[in-house]
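The lines below spell out each chain.
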Amino acid sequence: DGLFKAPLETVAGAASAELGFDLVRWFTDPDADMTPMRQDNAKAQLAIFSVDLALARWLEDHGVRADGFVGHSLGEWVAAQIAGVVDLESAVRAVHERGRLMQSTGKGAALIVRISEHGALRYAVEPVALACVNGPELVLLTGPEGAIAETERRLAADGVAYKRPPIDVAVHSSCMDAILPAFREALAGLTLQPATRPILSTVFAEWLEPAHAAERDYWAAQIRKPVHFDRAGQRLFEAPCCVVLEVGLGAALSGLLAGKRADKLQQRALAALGPLEEGGVYPEDRLDRCLAELWANGVPVDLAGTATAP
């Protein structure tokens, strides 16, 4: 969609100024080198943030206004920006510093494990931490490479299903403790406002009070605390009629949420883009199909869009 280019250039342009790296050009280069993203956590986080936020803005330009937001780790900063907690430049600076500081903790590793959170902790070797609870029997463990390798051996010995994701930072673990003061200090230079729209916290699996979303201590703790996406998803579907739309690349989160629907007829979990198709690309009409799916599920849509094409 030509109208998607405008919000993407706005967000990625602000991120490029912060990074000193032309994200706009990188996004539009069909032969873009992935090395900068693999080697620099701040670049990778800002690239993901840019796509997610640009999609959210594009949807709002087409009349799709969310009643509330839930984000998975980094995604909570996208929610904060749309909900009025931070302006674009402040959000970009926070995400950049978040990624830079996380990478400064050194090399880590992770395991996706098909087990309950309590079961996972029985296998975790200190200081391996429970970083994310994404389902009743789907967790992410993170920690230093050596401790993760020993945890891996324990899981394999008992035949517990697991795999290693391409994560090289021990996210949401005690490895983050050392950077919390520096991140609080970075946030002190930003203006945070109470949320004007609801944010469902994955730290507490509860809807944040508007003023709580403006507390710097919350955003510092959000780096360290586990992501309770499973419980947050259950809260999300307490509404009798609810359409959840995953805004970003892929459909992993909407897939996790689909099984939590209390009412299979009145509730939906959709993905704006969904999985890449053959050849590793999205079809040109994918965003139009997203609007059609939303309209078919009762969500008001402005097909013409209110944005001005560049």
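Residues numbered from 1 in each chain as written. Predicted model: local features only at pLDDT ≥ 70, side-chain atom pairs only at ≥ 80, totals over all residues. Heavy atoms only, no water.

Participant: Hey, could you go over the environment of V70 for me, with residue numbers and the actual values?
Facilitator: Tracing the chain through its elements places V70 in strand β1 (residues 69-70). For V70 and Y162, which are 92 residues apart along the polypeptide, the C-alpha to C-alpha distance reads 26 Å. Aside from chain neighbours lying at most four places away, what touches V70 is L200, T202, A232 and L236. (Helix = DSSP H or I, 4+ residues; strand = E, 2+ residues; numbered from the N terminus. Contact = heavy atoms within 4.5 Å.)

Participant: Run through the sheet that holds strand β7 (residues 206-207), naming residues and quoting values.
Facilitator: One open sheet accounts for 3 strands, arranged β1-β6-β7; its pairing is mixed. Each edge of the open sheet carries a strand with a single partner, namely β1 and β7. Where helix α5 (residues 75-82) meets the sheet, it contacts β1 and β6 (199-201), and its direction lies at approximately 155° from that of β6. (Pairing = 2+ DSSP bridges. Axes fitted to C-alpha atoms, helices over the stretch in contact; angles between N-to-C directions.)

Participant: Go over the pattern of salt bridges, please, and point to the residues and values.
Facilitator: Applying the stated criterion to the full structure yields 15 salt bridges. With its nearest N and O atoms 3.9 Å apart, the salt bridge here joins E9 to K5. Here E9 and its partner K5 are both found in helix α1 (residues 5-19), 4 residues apart, which amounts to about one turn of the helix. Among the residues examined, E9 registers a relative accessible area of 34% and is labelled partly exposed. The exposure class assigned to K5 is partly exposed, which follows from its relative accessible area of 46%. We note a salt bridge from D285 to R289, for which the minimum N-O separation is 3.4 Å. On the basis of relative accessible area, D285 is assigned to the partly exposed category, the value being 36%. (Salt bridge = Lys/Arg side-chain N within 4 Å of Asp/Glu carboxyl O. Buried < 20%, exposed > 50% of the residue type's maximum accessible area, 1.4 Å probe, protein only.)

Participant: Break down unusual backbone geometry for me, with residues and values.
Facilitator: Here the amide bond leading from E126 into P127 is cis, since omega sits at 0°, within 30 degrees of zero. One can find P127 in the loop between α7 (117-123) and β3 (129-135). One non-glycine residue with positive phi stands out, namely H172, at about 50°. The topology assignment puts H172 in the loop between β5 (162-163) and α9 (180-188). Using a relative accessible area of 2% as the deciding quantity, one classes H172 as buried. Despite not being glycine, A205 has its phi angle at roughly 55°, a positive value. For A205, the location among the structural elements is in the loop between β6 and β7.

Participant: Explain the packing of aromatic side chains to me, and be specific about the residues and the numbers.
Facilitator: For the structure shown, the criterion picks out 4 aromatic pairs. Each ring, one from W77 and one from W219, has its centre 4.4 Å from the other, and the planes form 35°; the classification is tilted. Of the two residues, W77 is situated in helix α5 and W219 in helix α10 (residues 216-224); the sequence distance between them amounts to 142 residues. For the pair formed by W77 and W219, the shared burial category is buried. Measuring from ring centre to ring centre gives 5.1 Å for Y218 and W219, while their planes differ by 85°; the resulting arrangement is edge-to-face. Of the two residues examined, Y218 and W219, each falls in the buried class. Stacked on the ring of F21, the Lys or Arg K43 has its end atom at 5.1 Å from the ring centre. (Phe/Tyr/Trp six-rings, centres within 6.5 Å; stacked < 30°, edge-to-face > 60°. Lys NZ or Arg CZ within 6 Å of the ring centre and 35° of its normal.)

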